[in-house]
Amino acid sequence: MPRILIVEDEAIIRSALKRLLERHDYTVSEAGSAEQACQLELKGFDLIISDLRLPGEPGTSLIAAAAPVPLLIMTSYASMRSAVESLKQGAVDYVAKPFDHAELLETVECILHKQSMQQSPPPDITDAGGSRQTMIGNCVAMQHVYTRIRKTAPADVTVLILGESGTGKELVARAIHQQSKRAKAPLISVNCAAIPETLIESELFGHEKGAFTGASAARTGLVEAADGGTLFLDEIGELPLDAQARLLRVLQEGEIRKIGSVETRHVNVRLIAATHRDLRALSKTGEFRLDLYYRLNVMQIELPPLREREDDVLEIADILLDKACKRHERTGLRLSRAARQDLRDYPWPGNVRELENALERGVILAEGHLIHPDDLGLSPTATRPHAPSATSPSAASASAASGGMDKNTEEHEDDLSLEDYFQHFVLEHQDQMSETELAQKLGISRKNLWERRQRLGIPRKKTARRPN
């Protein structure tokens with residue numbers, strides 16, 4: 001239940017606001033001034049609602065003291081100047097007195113929702129060996145993933161996990177299962193791409209003795225083995241159409257029928273599916289059943305690729321490096337400044353799995369106590385773009401300006417001007433802006449920004465390096 005602190009010197013307003021919030025299941029505390037509020041444990045609240053004008057210090061004085069707890073300012077002086085000034089100082093929003101109850105409640109709910117999205121702790125996971133680990137990463141995209149896991153796990157609905165290969169889809173499935181009501185029941189994981197097409201129905205749904213050549217004994221399928229627990233189907237886009245039809249029956253009716261049997265059995269299974277493919281696009285070509293896609297896509301969790309996770313890359317690298325050092329008994333190894341920069345700049349098409357392999361190479365090949373870029377074995381073309389060539393758009397533009405524009409160049413003049421603008425903007429602002437800020441200003445993704453840099457030969461500005 002969210003905890004809210006009301007800071008208001010007028011007792012009537014304070015009491016009325018407290019009753020309003022308590023009727024909507026909030027736990028409310030009160031203070032008559034900023035000084036009284038500071039005597040409480042401010043960081044223990046989820047939201048502080050404070051009047052702007054208070055005896056002694058103004059309400060905005062609580063912004064720094066309570067950070068990162070959001071502060072909502074109330075003011076009867078509803079001038080734009082006071083509102084803007086409060087927001088500039090760090091208030092999350094403001095409401096004008098006398099306020100509308102519905103509007104205030106909506107504002108409070110919106111603030112608390114955003115706060116929960118930004119502060120979801122990474123879930124703990126017990127791996128197959130029994131050791132506990134915590135999902136790594138604090139970027140905004142991963143905070144959304146943690147929030148989805150926390151809210152989805154107890155709901156017992158089908159989940160579809162999307163993401164490129166190597167982003168950690170099985171970790172998410174394991175986290176959902178272990179935070180669900182089925183945590184004490186088994187989690188059965190199946191890689192649909194690793195089972196031959198001729199055997200996958202038998203593996204999933206089981207078979208009776210003599211059902212086909214080689215079926216010398218009856219076999220229980222993995223769906224039935226997961227009864228009461230969770231079935232995780234990785235790479236579900238590789239599932240054959242016949243098996244898709246059988247799986248649809250499990251989701252619709254909770255029934256399975258072994259190959260060669262006339263009897264159906266009821267199962268109680270929660271399904272979590274994962275894929276790096278576009279299932280909707282596959283359904284249009286007939287490779288995936290559209291009705292099964294809708295059954296799977298009750299709740300969707302999309303994992304960001306590693307190249308879009310910014311500083312998470314180095315945090316993950318440090319943890320994986322520590323594990324690799326222990327495996328190979330090479331304690332004390334660390335990454336050089338240049339190696340850390342290359343890890344941050346590299347696009348990671350193989351995501352976390354590729355990062356782990358690179359660090360494994362580094363631990364094995366390192367000669368001294370430092371791992372250098374050459375030890376990691378990353379593609380040099382990906383980390384060090386070539387300088388702009390004479391045939392780049394900027395060169396073509398210069399040629400046109402000097403009177404060398406031909407008919408073909410005239411036909412593509414608009415395209416060239418857009419590319420010239422992109423190149424000019426990036427070169428002019430990359431010293432002051434991060435890659436994320438550049439992408440936002442240009443209205444494109446970080447991936448798109450990187451791809452255009454590669455195509456146009458614009459090297460990324462190296463940031464100042466910290467000493468080892």
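Anything mentioned here points back to the structure above.
In what follows, the accompanying structure is described. Not measured: the values here are computed from a predicted model.

1. What about the overall build of the protein?
Right, so step 1: Counting its secondary structure elements, the protein contains 22 helices and 16 strands.
Right, so step 2: The buried share among the 468 residues of the protein stands at 43%.
Right, so step 3: Counting contacts in the protein only where the partners sit at least 6 residues apart, residues at least 24 apart contribute 67% of the total.

2. What to know about the nonpolar core
Right, so step 1: Formed by 31 residues in total, the largest nonpolar core has its most connected members in Val-223, Leu-231, Leu-233, Ile-236 and Leu-296.
Right, so step 2: Counting residues per element, the ones that place at least two in this core are β8 (159-162), β9 (187-191), α8 (200-205), β10 (230-234), α10 (241-253), β13 (270-275), α11 (279-284) and α12 (290-296).
Right, so step 3: Examining the composition of this core, we find that five residues originate from one element, α10, more than from any other.
Right, so step 4: Residues contacting Leu-231, with those up to four places away along its chain left out, are Ile-188, Val-190, Leu-222, Val-223, Ala-226, Val-269, Arg-270, Leu-271 and Ile-272.

3. A few points about the packing of helix α13 (residues 312-327) against helix α15 (residues 351-365)
Right, so step 1: Where α13 contacts α15, the axes come no closer than 9 Å and their chain directions differ by 45 degrees. Taken together, α13 and α15 sit at an angle that is classed as oblique. Judged by the sense of rotation from one axis to the other, the crossing of α13 with α15 is right-handed. Where α13 approaches α15, its residues Val-313, Ile-316, Ala-317, Leu-320, Leu-321, Ala-324, Cys-325 and Arg-327 are matched on the opposing element by Val-352, Leu-355, Glu-356, Leu-359, Glu-360 and Val-363.
Right, so step 2: Class assignment of the residues belonging to the contact of α13 with α15 gives a composition of 11 nonpolar, no polar and three charged.

4. Concerning the packing of aromatic side chains
Right, so step 1: Counted under the stated rule, the structure contains two aromatic pairs.
Right, so step 2: Aromatic pair Tyr-293 and Tyr-294: ring centres 5.5 Å apart, planes at 55 degrees, arrangement tilted.
Right, so step 3: Judged by centre distance (4.6 Å) and plane angle (75 degrees), the ring pair of Tyr-346 and Trp-348 falls under edge-to-face. Each member of the pair, Tyr-346 together with Trp-348, is buried.
Right, so step 4: Here the guanidinium or amino end of Arg-3 rests over the ring plane of Phe-45, the centre of that ring lying 4.4 Å away.

5. Brief notes about the environment of Ile-161
Right, so step 1: Tracing the backbone shows Ile-161 in strand β8.
Right, so step 2: Since its relative accessible area comes to 0%, Ile-161 is described here as buried.
Right, so step 3: Taking the C-alpha atoms as reference, Ile-161 lies 8.0 Å from Val-172; in sequence the two are 11 residues apart.
Right, so step 4: Apart from the residues within four sequence positions on either side, Ile-161 is in contact with Lys-169, Val-172, Ala-173, Ile-272, Ala-273, Ala-274, Thr-275, Ile-301 and Leu-303.

6. A word on the pattern of salt bridges
Right, so step 1: This structure, assessed with the given rule, holds 16 salt bridges.
Right, so step 2: Between Arg-174 and Glu-170 there is a salt bridge whose closest N-O contact spans 3.8 Å. Of the two residues, Arg-174 and Glu-170 both sit in helix α7 (residues 169-178), four residues apart, roughly one turn of that helix.
Right, so step 3: Given the relative accessible area of 18%, Arg-174 is considered buried.
Right, so step 4: A single network of salt bridges, built from pairs that share partners, joins Arg-14, Lys-18 and Glu-30.

Scoring rules and cut-offs
Per chain, residue numbering runs from 1 following the sequence as it is written. Whole-chain, interface and lining totals are the exception, using all residues; otherwise, since this is a predicted model, local features are given only for residues with pLDDT of at least 70 and side-chain atom pairs are given and counted only at 80 or more. Computation of side-chain values covers all heavy atoms of the structure but excludes hydrogens and water. Numbering of helices and strands starts at the N terminus; helices are DSSP runs of H or I of at least 4 residues and strands are runs of E of at least 2. Residue exposure (1.4 Å probe, protein chains only): buried if accessible area is under 20% of the type maximum, exposed if over 50%, otherwise partly exposed. Between two residues, a contact is recorded if the distance between any of their heavy atoms is within 4.5 Å. Grouping buried Ala, Val, Leu, Ile, Met, Phe, Trp, Tyr and Cys residues that are joined through side-chain atoms within 4.5 Å yields what is termed a nonpolar core. For helices, the axis comes from a line fit to the C-alpha atoms of the stretch in contact; other axes are also lines fit to C-alpha atoms, and the angle between any two N-to-C directions lies between 0 and 180 degrees. Angular relationships are summarised with four words: roughly parallel below 35 degrees, roughly antiparallel beyond 145, roughly perpendicular across 65 to 115, and oblique for the angles in between. Handedness of a crossing is defined here by the sense of rotation of the near helix relative to the far one, left-handed for an anticlockwise turn of less than a right angle and right-handed for a clockwise turn. Polar here means any residue other than Ala, Val, Leu, Ile, Met, Phe, Trp, Tyr, Cys and Pro, which are nonpolar, and Asp, Glu, Lys and Arg, which are charged; Gly is therefore polar. Centres within 6.5 Å are what make two rings of Phe, Tyr or Trp a pair, Trp counting through its six-membered ring; a difference in plane orientation under 30 degrees is then read as stacked, over 60 as edge-to-face, and the rest as tilted. We count a charge as sitting over a ring when the NZ of a lysine or the CZ of an arginine lies within 6 Å of the ring centre and within 35 degrees of the ring normal. Throughout this description, the term salt bridge denotes a Lys or Arg side-chain nitrogen within 4 Å of a carboxyl oxygen of Asp or Glu.

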